[in-house]
Amino acid sequence: MLIVADENIPLLEAFFGDMGQIRRVSGRTMSAADVRDADVLLVRSVTRVDKALLEGSRVRFVGTATIGTDHVDLAWLEQNGIRFSAAPGCNANSVAEYVLAVLSLYAELQVMDDWTQLSVGIVGAGNVGSELAEKLLRLGFTVKLCDPPRAMQEPDREHAFTSLEDALTCDVVTLHTPLTRNTAHPTYHMVDTPELAGLTPDQLLINAGRGGVISNSALSERLKQPDAPLVALDVWEQEPQISAELLSQVWLATPHIAGYSFEGKVRGTEMVYQAVCQFLGLPVRKKAGQFLPQPALSKAVFTSAADEQTAVWAALRVCYDPRSDDARLRKVMRLARSGEEQGVAFDRLRRDYPVRRECSSLKVELKGSSRSLQDSFRAAGFRLHA
């Protein structure tokens, strides 16, 4: 059996090595010739999986090690009897921790004594949005959830969903929707000129969902105005050849890596592995936990002298500080001599992304601390040393 896989999927040999031959290829440039003799195809979000890629091939199973499926023509796969599986929720915690880190930087920039005074509007209450909301609520933030499809499906929900207009009034607005067009509630350019016009300099807009949910051209025009909001972008239209102008305008910029924690990527591989085993009728013998290495920093100690907010921020940034990715992205875009070179550099940042561990990898010891501090660390996802 031949398995053709995106070269950026981690632990391919560990999970699939005993199933057959593995051929690693670039996900961005994957072609019909690459997959023609494959039995199983494993991709990430940069590969368009459709008739043009698969017609005439031997592929009977397609798996994407990502939560999103808008890069896959699901109808065509079904019509042609090709089994499909995704990895919903695999990187939800990684994206939630990305947003927490961004929030800590924003609150520090605003010189806030209590970052939980920020109201946060979460647009999209799927796996990522729900995970983020749970963390924020446990930390004490005011959260407004906006999800029109779920609002229609769950009219009697205990905590009602809010409208997009209401969510856009929060101090921080963070987007976590799929990219949809021909649906009852399309998200393509959901945030366009009218929505951007209503945002103020006292607000932060974060997009760690899909680039096309915000009209990037409208956003660039809005950011030229003196009363523009701050913006943090992890996803962009026209990736990997993103707008150099927009990059120069946003407060924080990262190369589509919010979900790139090592744990998140390995969970994605594990979920696709389980689906392949089911497809082939094989027993599931491997678990992600078998392959998680020792983190570079495994323990942090805070004494009773630690300020609660400062301590939590420090621990968050030990695990992940978005400013490093921001600096790397701006540097490679500055050095690239053309749009094509910038696209190559953008993809290289993702391909060669350094190992980033989630908060759960760091054991925190609190000496003489308050119950409040313990609760905050647990809410953020850290393990407390007994």
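The structure this text deals with has already been given above.
All values reported here derive from a predicted model rather than from experimental measurement. (Residues numbered from 1 in each chain as written. Predicted model: local features only at pLDDT ≥ 70, side-chain atom pairs only at ≥ 80, totals over all residues. Heavy atoms only, no water.)

Draft legend 1. Broad picture of the sheet that holds strand β9 (residues 204-207). With parallel pairing, the six strands of this open sheet are ordered in space as β7-β6-β8-β9-β10-β11. Looking along the sheet, the strands with just one partner apiece sit at the ends: β7 (142-146) and β11 (252-253). Pairing of strand β6 (residues 119-123) with β7 involves five bridges; the strand directions are parallel. Counted as the bridge partner of V120 is V143 from β7. (Pairing = 2+ DSSP bridges. Helix = DSSP H or I, 4+ residues; strand = E, 2+ residues; numbered from the N terminus.)

Draft legend 2. Expanded view of empty space enclosed by the protein. Evaluated as defined, the whole model comprises one cavity of 30 Å³ or more. Of the pockets and cavities examined, the largest cavity occupies roughly 30 Å³. As for the largest cavity, its lining consists of S94, E97, Y98, S261, Y320, R356, R357 and E358. A class-by-class count of the residues in the lining of the largest cavity yields two nonpolar, two polar and four charged. (1 Å grid on protein atoms, 1.4 Å probe; cavity = no way out; pocket = protein on both sides within 12 Å on 5 of 7 lines; lining within 4 Å. Points joined across faces, edges and corners; volume = space filled by probe spheres on them. Nonpolar A, V, L, I, M, F, W, Y, C, P; charged D, E, K, R; others polar.)

Draft legend 3. A look at the sheet that holds strand β12 (residues 299-302). Strand order in the open sheet formed by three strands is β12-β13-β14, and the pairing between neighbours is parallel. In this open sheet, the two strands that pair with only one neighbour each are β12 and β14 (383-384). Both β12 and strand β13 (residues 363-366) contribute to a ladder of four bridges, which runs parallel. Looking at β13, one finds that F302 is bridged to L366. Sheet strands in contact with helix α16 (residues 371-380) are β12, β13 and β14, and its direction is about 175° off that of β13. (Contact = heavy atoms within 4.5 Å. Axes fitted to C-alpha atoms, helices over the stretch in contact; angles between N-to-C directions.)

Draft legend 4. Molecular detail of helix α13 (residues 308-319). With twelve residues, α13 extends 17 Å from end C-alpha to end C-alpha; this agrees with the ideal 16 Å at 1.5 Å per step. In the core, the buried residues of α13 are packed alongside α5 (92-109), β12, α14 (322-335) and α16. If you check the start of α13, you find a side-chain oxygen 3.3 Å away from the backbone N of Q309, and it comes from D307. (Expected span 1.5 Å × (residues − 1). Polar contact = N/O pair within 3.5 Å; in protein donor to acceptor, adjacent residues only side chain to side chain.)

Draft legend 5. Structural detail: the nonpolar core. The biggest cluster of nonpolar side chains holds 54 residues, and the ones touching the most others in it are W115, L136, F377 and F382. Here this core gets eleven residues from one element, more than from any other, and that element is α5. With sequence-adjacent residues up to four places away left out, W115 is seen in contact with L100, L103, S104, A107, L139, F141, Q309, V312, W313 and L316. Counting 30 residues, the second largest nonpolar core, distinct from the first, contains L219, L223, W236 and L246. (Core = buried A, V, L, I, M, F, W, Y, C linked by side-chain atoms within 4.5 Å. Buried < 20%, exposed > 50% of the residue type's maximum accessible area, 1.4 Å probe, protein only.)

Draft legend 6. Quick peek at a nonpolar patch on the surface. Taken together, the side chains of M1, L280 and L282 make up a nonpolar region of the molecular surface, amounting to roughly 230 Å² of accessible area. Mapped onto the elements, L282 comes out in the loop between α12 (262-280) and β12. (Patch = residues over 30% accessible without salt bridge, like charges linked within 9 Å, V, L, I, M, F, W, Y side chains within 5 Å. Areas by Shrake-Rupley, 256 points an atom, 1.4 Å probe, with all protein chains shown as cover. Salt bridge = Lys/Arg side-chain N within 4 Å of Asp/Glu carboxyl O.)

Draft legend 7. Expanded view of the packing of aromatic side chains. This structure, assessed with the given rule, holds eleven aromatic pairs. On the basis of an interplanar angle of 70° and a centroid distance of 6.2 Å, the ring pair of Y106 and W251 is categorised as edge-to-face. Separated by 145 residues along the polypeptide, Y106 in helix α5 and W251 in the loop between α11 (244-249) and β11 bring together distant segments of the chain. Overall, Y106 belongs to the buried group, its relative accessible area being 2%. With a centroid separation of 5.1 Å and 75° between ring planes, the pair formed by W115 and F141 is classed as edge-to-face. Linking W115 in the loop between α5 and β6 with F141 in the loop between α6 (127-139) and β7, this pair joins segments that are 26 residues apart in sequence. Counting every residue linked through ring pairs, the aromatic cluster contains F15, F16, Y273 and F291. (Phe/Tyr/Trp six-rings, centres within 6.5 Å; stacked < 30°, edge-to-face > 60°.)

From the geometry alone we can't say anything about function, so treat these as descriptive.
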